Each structure stands twice: as C-alpha cells, then as structure tokens.
Amino acid sequence: MRQDRPAPGDVRQVGFHEFAPTTEAVVSARRFVHDTLVAQGAADNVVASAELGADEFALNAVRHAGSFFSVAVETAPGVVKIAVRDDSGAFPRLHAHSLESITGRGLSIVAMTAEQWGAESLGRGKEVWAELR
C-alpha cells in the first residue's frame, strides 16, 4: 500500500449512480463523472482524466460484462477516485497492440493518466478503479 494514500476518514463519496448495460449509458456515466467533479471544483485536468477512466471502465462493463454497472466518485484532499462495478469476474488487462489495431488502447491510456489504478474482486463481480491527482 502506498504511503501517500488518504486516511480512510478523509475519503468522501460525492457521487454514485447505477446504469443499464447500454452504449448510451456509457455517455451518461461520463457526463455523471464530469458534472460531479465540476460541482466539487476539481481541476480541469483531473476532470478530463476521470472522464476518460469512467468512459473506459463503463464501456468495458457494457462490452464484456453485459451487466448493469455502477459508478462511484470519491474525493480526499488532493485525490479523486472513480470506480466502476459490474457483475463480471474477469479482470481488465493491459495488452500490447500493433500500430494497425484500431481498438484496445483505452486501459493503457487510463494507466498513463492515473496516479494508480486497479481492480478488486467483489465475490460477484468486480470493481475497477483509478486514482487521480
């Protein structure tokens, strides 16, 4: 565990929403994260990175889990965490892609923009999350 993580008492959930497994819901999830963080006064670069993470995680939930999914937004001093839960037990993986490949780079981009990211088993399903500064 990183030493610079916020203390549990400093973490505050500022948004939570459940979505149906549709491509339209991916857009709604991205908008939800944007609106939630703008209302919290988050920096533009953090909002943009959080939107990217929410978009990638939500799209993967729709494509691979095919289940309802939820998006949570948490804040702590200097940190924003976005988390997407779905019903699939399959964890996301980073892949190497050829220059000709037109898909599959989203998670790599999230990994580059996030302070850290990961996935945790929930027993039934998983939570994929990213922390941003």
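Whatever comes next refers back to the structure up there.
We now turn to the structure provided with this report. (Residues numbered from 1 in each chain as written. Predicted model: local features only at pLDDT ≥ 70, side-chain atom pairs only at ≥ 80, totals over all residues. Heavy atoms only, no water.)

**Brief notes about the pattern of salt bridges**
Move 1: This structure, assessed with the given rule, holds 5 salt bridges.
Move 2: Across the pair E115 and R133 runs a salt bridge, and its minimum N-O distance is 3.9 Å. In this pair, E115 sits in the loop between α3 (106–113) and β4 (116–121) while R133 sits in the segment after β5 (126–132), placing the two residues 18 residues apart along the sequence.
Move 3: With relative accessibility at 38%, the residue R133 sits in the partly exposed group. (Salt bridge = Lys/Arg side-chain N within 4 Å of Asp/Glu carboxyl O. Helix = DSSP H or I, 4+ residues; strand = E, 2+ residues; numbered from the N terminus. Buried < 20%, exposed > 50% of the residue type's maximum accessible area, 1.4 Å probe, protein only.)

**Comments concerning the sheet that holds strand β2 (residues 69–76)**
Move 1: The 5 strands are arranged β1-β2-β3-β5-β4 in an open sheet whose pairing can be described as antiparallel. In the strand order of this sheet, the two ends are held by β1 (12–19) and β4, each with one partner. Put simply, the sheet's adjacent strands are angled 15° from each other on average, direction ignored.
Move 2: The pairing of β4 with β5 spans 6 bridges and is antiparallel. When the bridges of β5 are listed, W117 appears paired with A130.
Move 3: Packing of helix α1 (residues 23–39) onto the sheet brings it into contact with β1, β2 and β3 (79–86), and relative to β2 it is tilted by some 15°. (Pairing = 2+ DSSP bridges. Axes fitted to C-alpha atoms, helices over the stretch in contact; angles between N-to-C directions. Contact = heavy atoms within 4.5 Å.)

**Remarks on α3**
Move 1: Along α3, the residues that are buried comprise G106, L107 and V110. Each buried residue of α3 lies within a common arc of 95° when the element is viewed along its axis, so the set occupies one face.
Move 2: On its buried face, α3 is in contact with α2 (44–65), β4 and β5. (Arc of directions from axis to C-beta.)

**A word on the nonpolar core**
Move 1: Counting 28 residues, the largest nonpolar core has V33, F57, F69, V71 and I82 as the members making the most contacts within it.
Move 2: Contributing elements (two or more residues each) for this core: β1, α1, α2, β2, β3, α3 and β5.
Move 3: In terms of residues, this core owes the most to one element, α2, which gives 8 residues.
Move 4: With residues up to four places along the chain from it excluded, the contact list for V71 reads G15, F16, H17, F19, A29, F32, V33, A83 and V84. (Core = buried A, V, L, I, M, F, W, Y, C linked by side-chain atoms within 4.5 Å.)

**Overview of the packing of aromatic side chains**
Move 1: Taken as a whole, this structure holds 2 aromatic pairs when the rule is applied.
Move 2: Plain terms: the ring middles of F19 and F32 are 6.3 Å apart, the flat faces sit at 65° to each other, and that makes the pair edge-to-face. Taken together, the positions of F19 in strand β1 and F32 in helix α1 put the pair 13 residues apart, joining distant regions of the chain. The burial state of F19 is the same as that of F32; both residues are buried.
Move 3: Chaining the aromatic ring pairs together yields one cluster made of F19, F32 and F69. (Phe/Tyr/Trp six-rings, centres within 6.5 Å; stacked < 30°, edge-to-face > 60°.)

**Focus: the packing of α2 against α3**
Move 1: Direction vectors running N to C along α2 and α3 enclose 150°, while the axes themselves pass 9 Å from each other. It follows from the interaxial angle that α2 and α3 lie roughly antiparallel. The two elements α2 and α3 cross, and the hand of that crossing is left-handed. Side by side, α2 and α3 meet where S49, L52, G53, E56 and F57 of the first sit next to G106, L107, I109, V110 and T113 of the second.
Move 2: When the residues that make up the contact of α2 with α3 are grouped by side-chain class, the tally is 5 nonpolar, 4 polar and 1 charged. (Parallel < 35°, antiparallel > 145°, perpendicular 65-115°, else oblique. Left-handed = near helix turned anticlockwise from the far one by under 90°. Nonpolar A, V, L, I, M, F, W, Y, C, P; charged D, E, K, R; others polar.)

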